[in-house]
Amino acid sequence: MRNLKYVQHSARYLHSDLPLVATAWDVVTDSLVCAFGPSKSKEVIQLKKTSIANSHEESILIASWDAKCPLSDLELDDVLNLHHFGHSDTSCLVLAGGDIIVVRGQPLPGEEKIEIVGSVDAGVTAAAWSPDEELLVVTTRANTLLFMTADFENLASTSMLVEDAVLSKHVNVGWGKSETQFKGKRSRALRDPTIPENVDEGTLSSYDCKQVTISWRGDGAFLAVNTIEEAARRMIRVYSREGSLDSVSEPVDGLESALSWRPSGNLIAGLQRLEEQVNVIFFERNGLRHGQFELRLSADDQKQWVSAIDLCWNIDSSILAVSLQGTVQLWTMGNYHYYLKQDIRCSSSMHNLCPPLLAWHPEKPLRIAILERDTHQPERPEDSSDRSVANTYTNALHSFLFSNVVAAGSTTAPNNFGTIAVIDGCEWHLPYR
Amino acid sequence: MDVSGICPIVEQTNSRIGKLKLTPLRRASLPPPMALHEIELARNIKDVAINFANTRIATLHETTITVLIYDVKVSPVIDPVVERTIALPISNTVIARQICFRSDVDLFVLAMHLASGVDMIYDVQKSSFHSPSATMSIFGIFPTLDHDALCVTNSTAVSRVNLLEPTEGKQYGTLMSKNICSFPTSTSWVEVLNYAGQVSS
């Protein structure tokens, strides 16, 4: 019955000549560390720190270095994960080419400011730090899962095999054989109730961006990895902290790459895109489905706006942020019903081709930073001597603080009727146009 | 493009509707997510406020306010009806975020001027903006319990405010605040009431 009220909002521009690719909070200085680049015209990665409290302060450049991709079949390198350790003022980046880079804000004598601490030869598809910052998990292009300590020493390594699918606990067979079932008139009432009506095979969504995603449970005991198996279906594998495979998800048609394990541990949120609707679906740790809700988008919205969707729970598991192209939706749950509490619309004048970057504050549950990325593709100057065309990306950074309060009427007699107003934003679904 | 200004959060024109669920709990006990009355409004709702006499509800959208008639004193309670829509004179440079009633008709909107980051209060009845005389960030605006005066909170204090008319030649009026109380940590919810002639919270 509570609504999310905007308590504080600060906004600013982040200009750069490189595209914005990743962000992480620095809780010690209350600022955001952002990674920019590389782009086709400038193969450089820059790390900048932007203060949230003082919106008039310029961003500070922490480091900048050349980043040519070591793999020949990847055109450009990409920052897959950025994590900032506030206590030691160190940032760690994992790149698609396989490099793991540590950037130190205040290097001690004998330490380098930018250091490549390790390299995965096969190339990396996803990486995630555990919530306690003790373990780094990396998935490689050779379909293996590597576990590393905070000092980047190898702890464990497992292969993700197609045979893992047999562990799935879903039921798709009943007691009787299908040849012996009655199929005549009025067979619906007489059909075997133990056979489910239709069983998903796990066909891929047509908008699937083919990415691998990793999400840790809030206590760091388990992690979920969402990959595409044999280009045929998506599978979410749940591993324990020691590297042993715990369970595998049931096949779901239209499952996409978005993945976020609720920190309280009971649900893994994923996204299902069907022809007529887009759903946020939930899995339990054993891989079986456990509830869902519809994103309530119109048919036009679905095709035009939602080619990539991201999910992210906040730190105390109360709000699920859904980042679509051009908007960020905040959903809360009350009595197993999901309310759309806020719908933060981004500027339409920006050439948005990817969803806004989200970063929930790691310690304050109702604090979020939203970065609208400018993704226009600047032309590469034909003549290298012509530098008058400047490639400038203009990203907007919005930081919000919410409070979860009840909107109530007067509580003094004679007007105390206990009127409560609850917001549940609703997108109008128009199936017939 | 203006470098110092900020690209705004622009209202979309496709059909997106915000739903408001209303329940007078003293008259009808309905557990959430059900509600006695549900009304669909034109745009995404950012904040909602109820007046003192429980007869009007105001919802804040990106650039408009919708005022609904919802009288819970009559029996049976009838569906809320849109009374009027007020367009806020906020252009791309100002973002509104909270709304509240004072007494039965006075509406106030908390807004922020994007370029400077200054929080302002907009008096809907008088169509005037008011900015604080000293730099002050405002976390919330709300009326006292008897809807007698308007109060603001920032992270650690609550103050009563008076809004002064803009003087000659000035664009904004001033917001005079008188501190009621300071707190040792930030609070998310404060109520102010008049007790034996003094205000306490």
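These numbers were taken from a predicted model, which means no experiment stands behind them.

What counts as what
- Residues numbered from 1 in each chain as written.
- Chains lettered and ligands numbered in written order.
- Predicted model: local features only at pLDDT ≥ 70, side-chain atom pairs only at ≥ 80, totals over all residues.
- Heavy atoms only, no water.
- Helix = DSSP H or I, 4+ residues; strand = E, 2+ residues; numbered from the N terminus.
- Contact = heavy atoms within 4.5 Å.
- Areas by Shrake-Rupley, 256 points an atom, 1.4 Å probe, with all protein chains shown as cover.
- Buried < 20%, exposed > 50% of the residue type's maximum accessible area, 1.4 Å probe, protein only.
- Pairing = 2+ DSSP bridges.
- Axes fitted to C-alpha atoms, helices over the stretch in contact; angles between N-to-C directions.
- Phe/Tyr/Trp six-rings, centres within 6.5 Å; stacked < 30°, edge-to-face > 60°.
- Salt bridge = Lys/Arg side-chain N within 4 Å of Asp/Glu carboxyl O.
- pLDDT = per-residue confidence, 0-100.
- Polar contact = N/O pair within 3.5 Å; in protein donor to acceptor, adjacent residues only side chain to side chain.

Can you walk me through the overall build of chain B in this structure?
Scanning chain B from N- to C-terminus turns up 0 helices and 16 strands. Partitioning the intrachain contacts of chain B with sequence separation of at least 6 by distance along the chain shows that 42% fall at a separation of at least 24. About 9400 Å² of surface is accessible on chain B, with carbon and sulfur atoms providing 53% of the total.

Could you clarify how one ought to interpret the overall build of chain A in this entry?
For chain A, the helix and strand inventory stands at 2 helices and 31 strands. Each of the 433 residues in chain A was classed as buried or not, and the buried ones make up 55%. Considering only intrachain contacts with a sequence separation of at least 6, the fraction spanning at least 24 residues in chain A is 51%. In the structure as shown, chain A presents an accessible area of about 19400 Å², 51% of it carried by carbon and sulfur atoms.

I'm lost on the sheet that holds strand β5 (residues 60-66) of chain A in this one. Help?
By definition, the strands of a sheet pair up through backbone hydrogen bonds, in either a parallel or an antiparallel sense. All names here are of chain A. Here 4 strands make up an open sheet; going across it, the order is β2-β3-β4-β5 and the pairing antiparallel. What marks the edges here is a single partner per strand, and that holds for β2 (20-26) and β5. Ignoring which end each strand starts from, the neighbouring axes of this sheet average 15 degrees apart. Pairing analysis gives 6 bridges linking strand β4 (residues 44-51) to β5, with the strands arranged antiparallel.

Please clarify how the sheet that holds strand β12 (residues 150-153) of chain B should be interpreted in this entry.
All names here are of chain B. The strand order across the open sheet formed by 8 strands is β7-β8-β9-β10-β14-β13-β12-β11, and the pairing between neighbours is mixed. Both outer strands of the open sheet, β7 (94-102) and β11 (140-143), are each paired with one neighbouring strand and no more. Neighbour-to-neighbour, the strand axes of this sheet turn through a mean angle of 35 degrees, independent of strand direction. Summarising the sheet, strand β13 (residues 157-163) and strand β14 (residues 173-182) pair through 7 bridges and their orientation is antiparallel. For R160, the partnering residue across the bridge sits in β14 and is K178.

Is there a simple way to explain the environment of L271 of chain A in this structure?
Residues and elements named next belong to chain A. Among the secondary structure elements, L271 is positioned in strand β19 (residues 268-273). Classification of L271 by relative accessible area gives buried; the value is 0%. In the structure, L271 is positioned 51 residues away from V322 in sequence and 9.9 Å away in space, judged by C-alpha atoms. Here L271 is in contact with G254, L255, E256, A258, V278, N279, V280, I281, L295, I309 and L311, once residues within four sequence places are set aside.

Got a minute to help me understand the packing of aromatic side chains in this structure?
Geometry of an aromatic ring pair is reported as the spacing of the ring centres plus the angle between the planes. Residue and element names in this part refer to chain A. In total, this model carries 11 aromatic pairs over all chains according to the counting rule given. Considering the side-chain rings of Y6 and F400, the 5.4 Å spacing of their centres and the 55 degrees angle between planes classify their relative orientation as tilted. You can see Y6 sitting in strand β1 (residues 3-16) and its partner F400 sitting in strand β28 (residues 393-405), a full 394 residues away along the chain. The exposure class of F400 is buried, given its relative accessible area of 2%. Each ring, one from F400 and one from F402, has its centre 6.0 Å from the other, and the planes form 20 degrees; the classification is stacked.

Is there a simple way to explain the pattern of salt bridges in this structure?
The final tally for this structure, using the stated rule, is 21 salt bridges over all chains. A salt bridge links R273 of chain A to E256 of chain A, with the nearest nitrogen and oxygen atoms 2.6 Å apart. In this pair, R273 of chain A is assigned in strand β19 and E256 of chain A in strand β18 (residues 255-261), connecting sequence segments 17 residues apart. When its relative accessible area of 4% is taken as the criterion, E256 of chain A is described as buried. The salt bridge involving K46 of chain B is made with E62 of chain B; its shortest N-O contact spans 3.8 Å. Of this pair, K46 of chain B sits in the loop between β2 (37-41) and β3 (47-50) while E62 of chain B sits in the loop between β4 (56-60) and β5 (64-69), placing them 16 residues apart in sequence. When sorted by exposure, K46 of chain B lands in the same class as E62 of chain B, which is buried. One salt-bridge network, in which partners are shared between bridges, spans D26, K49 and D89 of chain A.

Teacher, can you tell me more about the confidence of the model for chain B here?
Should the pLDDT be low somewhere, the predicted coordinates at that spot are not to be read in detail. Residue and element names in this part refer to chain B. Of the residues in chain B, 85% reach a pLDDT of 70 or more, and the chain-wide mean stands at 76. In this model, residues 1-15 is a region of pLDDT below 50 whose contacts with residues beyond four sequence positions or in other chains number 44 contacts. Residue range residues 197-201 is modelled with pLDDT below 50. Its contacts to residues more than four positions away, or to other chains, number 16 contacts.

Got a minute to help me understand the environment of L259 of chain A in this structure?
Residue and element names in this part refer to chain A. Examined against the element boundaries, L259 turns out to sit in strand β18. You can call L259 buried: its relative accessible area is 8%. Each C-alpha atom of the pair L259 and C312 lies 7.7 Å from the other, and the pair is 53 residues apart in sequence. Not counting residues within four places of it along the chain, the set of residues in contact with L259 comprises T213, I214, S215, A224, V225, N226, I236, I268, A269 and L311.

Please explain the side chain of K46 of chain B as it appears in this structure.
By relative accessible area, which is 6% here, K46 of chain B ends up buried. A distance of 3.0 Å separates a polar atom in the side chain of K46 of chain B from the backbone oxygen of A96 of chain B.

Explain unusual backbone geometry to me, please; I cannot follow it from the model alone.
Residues other than glycine predominantly adopt negative phi, and peptide bonds predominantly adopt the trans conformation. Here the bond from G37 of chain A into P38 of chain A is cis, since omega is -5 degrees, no more than 30 degrees from zero. When you line up the elements, P38 of chain A lands in the loop between β3 (31-36) and β4. One non-glycine residue, S127 of chain B, adopts positive backbone phi at about 50 degrees. Assignment of secondary structure puts S127 of chain B in the loop between β9 (118-123) and β10 (128-132). What makes S127 of chain B exposed here is its relative accessible area of 51%.

Even after reading the chapter, I still don't get the confidence of the model for chain A, so can you show me in this structure?
Residue and element names in this part refer to chain A. Across chain A, the average pLDDT comes to 82, with 84% of residues at or above 70. Confidence drops under a pLDDT of 50 for residues 379-389, and excluding neighbours within four residues, the segment shows 4 contacts in the predicted structure. With pLDDT under 50 throughout, residues 427-433 is counted as low confidence; its partners more than four residues away or in other chains account for 19 contacts.

Explain the side chain of S247 of chain A here, please?
By secondary structure assignment, the location of S247 of chain A is in strand β17 (residues 245-248). When neighbours within four sequence positions are excluded, S247 of chain A is seen to be in contact with K169, I236, R237, V238, R285, N286 and G287 of chain A.

What am I meant to see in the environment of S177 of chain B here?
Residue and element names in this part refer to chain B. Within the element layout of this structure, S177 appears in strand β14. Measuring from C-alpha to C-alpha, the distance between S177 and V152 comes to 8.3 Å, with 25 residues separating the pair along the chain. Leave out the neighbours within four places in its chain, and S177 touches M136, S159, R160 and V161.

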